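Inside the fold
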Amino acid sequence: MARIEISGVSKVYPGNVEAIKDLSLSINDGELVVLVGPSGCGKSTLLRMIAGLETITGGTISIGETVVNKLEPAERDIAMVFQNYALYPHMSVRGNLEYGLKNRGTQRAEIDKRVADAARILEIEAFLDRKPRQLSGGQRQRVAMGRAIVRQPKAFLFDEPLSNLDAKLRAHMRVEIRRLQRALGTTSVYVTHDQLEAMTLADKLVVMNGGVIEQVGKPLDVYSDPQSLFVAAFMGSPGMNLIDIESLRAIGADLPGSIPTATGTVGVRPEDIVLEKPAGPHLTIAATLDAVELVGSESLVYANAKGIEKDIILRSSGIHRGNPGDVLALHIPHSALHSFARESGRKVAAA
Amino acid sequence: MQTKRTIFSNKGLPYLLLAPQLAITIVFFIWPAAQAVKSSFEREDPFGLRTSFVWFQNYTRLFTDPNYLNSFGRTLIFAVSVTFLAMAIALLLAAAVNRLIRSSNVYTTLLVWPYAVAPVVAGILWWFMFNPSIGILPYALGQFGITWNHRTSGTDAMILVIIAATWKQISYNFLFFLAGMQSIPNSLTEAAAIDGAGPFKRFWTIVFPLLSPTTFFLMIININYAMFDTFGIIDGTTSGGPNQATNILVYKVYDDGFLGLNIGSSAAQSVILMLIVIALVFVQFRFIERRVQY
């Protein structure tokens, strides 16, 4: 178990493609950090640099007290769970679990003990002698996890480990990974493009975009207080409604007087828009209903307001019974508004 | 598996459509093979005027003929050496090219060239390079005090044909090994690297076992090649000599039949070769799918 310290790290691929730009991040001992972002944001590259599978162009990465830039993957004492599991197809499950220990010259008795422990924890004892191809997706996933935990490494690295599973199994394994990580207390870095997975798993959430970190924080903090337009739109499903402030002014919306002057865009979460007039200060937009998506427990209402380009989405609990063309009054409490600067897209604090 | 099924309204049509293929097979393969089987039981006088049926005499004579048994031994040495060397060198080259990222296509193209060279040309090429009077290699070897003369030394002659035959087969093996390696996901070797295996250990414990279907397939193909497709190379370099040292089975068939005009014995030899091919192909189809699997 160890801290991971990433300081000023960059990655430039041949042809001057900059995948990671001067990135710094510290990961505390025992923490589960989730790197989330759209594809191509550099999150997998960063993980592979920690693992030693990609060279580091600039900056340093240290695991524990050691700078690992020049170390081979094997010498970094980390374990990785791959998206396609990367189980050795010609070895039995037991062979897969033992491989890393044998390579390190672990004693036979110790190997047997660790494999037995891991198999018990992951409930894969019944198929220790089977080949990976005889296992289901979920079972393979467990074996891949097993291969990581028998090694008792300083850190676990997860590279989108759940994206090959069906939705139900994914939700189940998500909970298990969380439970397992808590129980073992091993520092973990987890890469995903699924923001739901990121929200539910993370101790610390790192939102990445274009090779840089957009925001780091506790999942709920990132959700409720996004520091940039990108984070606002990326986190949440659907993401935050982002409306150009000029178009709001043009339709005479009752913006709060405290709104910072630098604001170019205001944002509001779909669940913060209400249809009944709230008590506190608020602004109101007249809109016509475009479409309703019934999810079951809640409804997503798409409404089109005159003078505002994009549909405004609001989330109402239960089933919203309305028809396209209905006229709605969308009420947005002033307290639910987020302001983002015109040029940079960064959050601007209320004056 | 789903099979495509076409219903013909006219019963004769399917046979008519198959006829060209069947005709070619019968005229060019079945008939000569049958002729060979027939001739192998016969004995012809030197002028081809009288033919008598001699049962298995041609076969029994072969297996008591020291020349034939010697040829069997030579073939074994030749086939095992060529198969082993061609596969080992190809595996090494494939492993090397597989590590390259940008220039791998160039190397692949260059390494495949020998395959396009006709066997006789390949033979003559090596014969020329190793020519004791004008070749560059005997000259170079001479500088180190090694005398090379494949015209008098049976060992030298065997080494020469092994080199020529191996050189020509490396390309084929290389392509298959490279394709096999490229179909192994990168994440497997990465996982092994994290699991503490060095490059050599990764190769022998992960990559090589996963290549075993390819290896087995190539082994059969290479034995087949060395035993039957190397006629041109032998003919272009040593013509079976000196003193029978490189007279492998397939060359002996030609030597005895076309040069020695002993048709009966030659036919019996080719029937034995045919049985060996059938056995190899049987092994290939029977075991390749089932045994070598992970």
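Keep in mind the model is a prediction, meaning the values are calculated, not measured. (Residues numbered from 1 in each chain as written. Chains lettered and ligands numbered in written order. Predicted model: local features only at pLDDT ≥ 70, side-chain atom pairs only at ≥ 80, totals over all residues. Heavy atoms only, no water.)

Some points on the overall build of chain A
Check the secondary structure of chain A and you find nine helices and 17 strands. Projected onto its principal axes, the C-alpha coordinates of chain A cover approximately 75 × 45 × 35 Å. A burial count over chain A gives 53% of its 351 residues as buried. Within chain A, contacts between residues separated by at least 24 positions form 67% of all contacts whose residues are at least 6 apart in sequence. (Helix = DSSP H or I, 4+ residues; strand = E, 2+ residues; numbered from the N terminus. Buried < 20%, exposed > 50% of the residue type's maximum accessible area, 1.4 Å probe, protein only. Contact = heavy atoms within 4.5 Å.)

Regarding the pattern of salt bridges
Under the defined criterion, the tally for this structure stands at 26 salt bridges over all chains. Salt-bridge contacts for R48 of chain A lead to E190 of chain B; the nearest nitrogen and oxygen are separated by 2.7 Å. In this pair, R48 of chain A is assigned in helix 1 (residues 43-51) and E190 of chain B in helix 8 (residues 186-194), connecting two distinct chains. For R48 of chain A, a relative accessible area of 17% puts it in the buried group. Between R182 of chain A and D203 of chain A there is a salt bridge, and its shortest N-O distance comes to 3.3 Å. (Salt bridge = Lys/Arg side-chain N within 4 Å of Asp/Glu carboxyl O.)

Side note on unusual backbone geometry
Excluding glycine, residues mostly carry a negative phi; peptide bonds, for their part, are mostly trans. Each neighbour pair has its own omega, and for S237 of chain A with P238 of chain A the value is -5 degrees, a cis peptide bond. Position of P238 of chain A relative to the elements: it lies in the loop between helix 8 (229-234) and strand 11 (241-244). For D22 of chain A, which is not a glycine, the phi torsion comes out positive at approximately 40 degrees. Topologically, D22 of chain A is positioned in strand 2 (residues 17-27). Residue classification places D22 of chain A among the exposed residues on the basis of a relative accessible area of 60%. The backbone of N243 of chain B sits at a positive phi, close to 50 degrees, despite the residue not being glycine. Tracing the backbone through its elements, the reader meets N243 of chain B in the loop between helix 11 (231-237) and helix 12 (249-259).

Topic: the environment of P132 of chain A
Residue and element names in this part refer to chain A. Tracing the backbone through its elements, the reader meets P132 in the loop between helix 3 (108-122) and helix 4 (137-149). Measuring from C-alpha to C-alpha, the distance between P132 and H90 comes to 8.1 Å, with 42 residues separating the pair along the chain. Non-local contacts of P132, meaning those with residues more than four positions away in its chain, are made with L87, Y88, P89, M91, N96 and R140.

Brief notes about the pairing of strand 3 (residues 32-36) of chain A
Residue and element names in this part refer to chain A. Where burial is concerned, most of strand 3 is hidden: five out of the five residues are buried. Bridging between strand 3 and strand 8 (residues 187-192) involves five bridges; their strand directions are parallel. Each bridged residue has a counterpart across the sheet, and for L32 the counterpart in strand 8 is S188. Bridge analysis of strand 3 against strand 9 (residues 204-209) gives four bridges, and the strand direction is parallel. (Pairing = 2+ DSSP bridges.)

A word on helix 1 of chain A
Residue and element names in this part refer to chain A. Taken across its nine residues, helix 1 has eight buried, putting it largely inside the fold. Of all the positions in helix 1, only K43, T45, L46, L47, R48, M49, I50 and A51 are classed as buried. In the stretch just after helix 1, G52 is the one whose phi turns positive, near 95 degrees.

So, the interface of chain A and chain B
Each partner contributes residues to the interface: chain A has 23 residues there, and chain B has 18 residues. Where chain A packs against chain B, one counts two salt bridges. The salt bridge partner of D195 of chain B is R151 of chain A, with a shortest N-O separation of 3.3 Å. In this assembly, chain A and chain B are joined by 13 residue pairs in polar contact (both at pLDDT 80 or more). Counting only elements with at least two residues in the side of chain A that touches chain B, the list comes to helix 1, strand 6 (78-81) and helix 2 (93-103) of chain A. Looking at side-chain class alone, the side of chain A that touches chain B contains 14 nonpolar, four polar and five charged residues. (Polar contact = N/O pair within 3.5 Å; in protein donor to acceptor, adjacent residues only side chain to side chain. Nonpolar A, V, L, I, M, F, W, Y, C, P; charged D, E, K, R; others polar.)

Regarding the domain arrangement of chain A
When its domains are assigned, chain A resolves into domain 1 (4-224) and domain 2 (241-341). Taking the mean C-alpha position of each, domain 1 of chain A and domain 2 of chain A sit 40 Å from one another. (Domains from an automatic or database assignment.)

Topic: the sheet that holds strand 4 (residues 58-63) of chain A
Residue and element names in this part refer to chain A. Taking strand neighbours across the sheet as the criterion, the four strands line up as 2-1-4-5 in an open arrangement whose pairing is antiparallel. Two strands lie at the open edges of the sheet, namely strand 2 and strand 5 (66-67), each paired on one side alone. By the bridge criterion, seven bridges tie strand 1 (residues 4-13) to strand 2 in an arrangement that is antiparallel. Residue pairing for strand 2: E5 is matched across the bridge by S26. The strands touched by helix 1 are strand 1, strand 2 and strand 4; relative to strand 1, the strand with the most contacts, the crossing angle is about 115 degrees. (Axes fitted to C-alpha atoms, helices over the stretch in contact; angles between N-to-C directions.)

Section: helix 1 (residues 12-40) of chain B
Residues and elements named next belong to chain B. Of all the bends in helix 1, the largest measures some 45 degrees and sits at A19, one to four residues before the proline P20. Three or more residues of helix 1 are buried, namely A36, S39 and S40. The secondary structure elements touched by the buried residues of helix 1 are strand 1 (42-44), helix 2 (57-64) and helix 13 (263-287). (Bend = angle between axes of the 7 residues up to and from the residue.)

Focus: the sheet that holds strand 11 of chain A
All names here are of chain A. Taken in spatial order, the three strands make up an open sheet running 11-12-17, and their pairing is antiparallel. Strand pairing shows two members of the sheet lacking a second neighbour, strand 11 and strand 17 (338-341), which therefore form its edges. Between one strand and the next, the sheet's axes are offset by a mean angle of 30 degrees, whatever the strand orientation.

Topic: the packing of aromatic side chains
Counted by the stated rule, this structure contains 22 aromatic pairs over all chains. For the pair F156 of chain A and F158 of chain A, a centre-to-centre distance of 6.1 Å together with 65 degrees between the ring planes defines the contact as edge-to-face. Owing to a relative accessible area of 6%, F156 of chain A belongs among the buried residues under this scheme. Consider the rings of Y254 of chain B and F258 of chain B, whose centres lie 5.8 Å apart with planes at 25 degrees: the pair is stacked. (Phe/Tyr/Trp six-rings, centres within 6.5 Å; stacked < 30°, edge-to-face > 60°.)

A closer look at the environment of G196 of chain B
By the element assignment, G196 of chain B lies in the loop between helix 8 and helix 9 (199-210). For G196 of chain B, a relative accessible area of 22% gives the class partly exposed. With residues near it in sequence (within four places) discarded, G196 of chain B still touches A74, N103 and R104 of chain A.

Observations concerning the nonpolar core
Core analysis: the biggest nonpolar cluster contains 59 residues, and I4, I6 and I61 of chain A have the highest contact counts within it. Judged by nonpolar contacts, the second largest core, of 44 residues, contains V143, V150, L165 and L201 of chain A. (Core = buried A, V, L, I, M, F, W, Y, C linked by side-chain atoms within 4.5 Å.)

So, the side chain of N103 of chain A
Mapped onto the secondary structure, N103 of chain A falls in helix 2. With relative accessibility at 17%, the residue N103 of chain A sits in the buried group. Discounting chain neighbours no more than four positions away, the residues touching N103 of chain A are D195, G196, A197 and K201 of chain B.

Structural notes on the environment of A109 of chain A
Residue and element names in this part refer to chain A. With respect to the helices, strands and loops of the structure, A109 is situated in helix 3. A109 gets classed as exposed once you look at its relative accessible area, which sits at 61%. Taking the C-alpha atoms as reference, A109 lies 27 Å from L135; in sequence the two are 26 residues apart.

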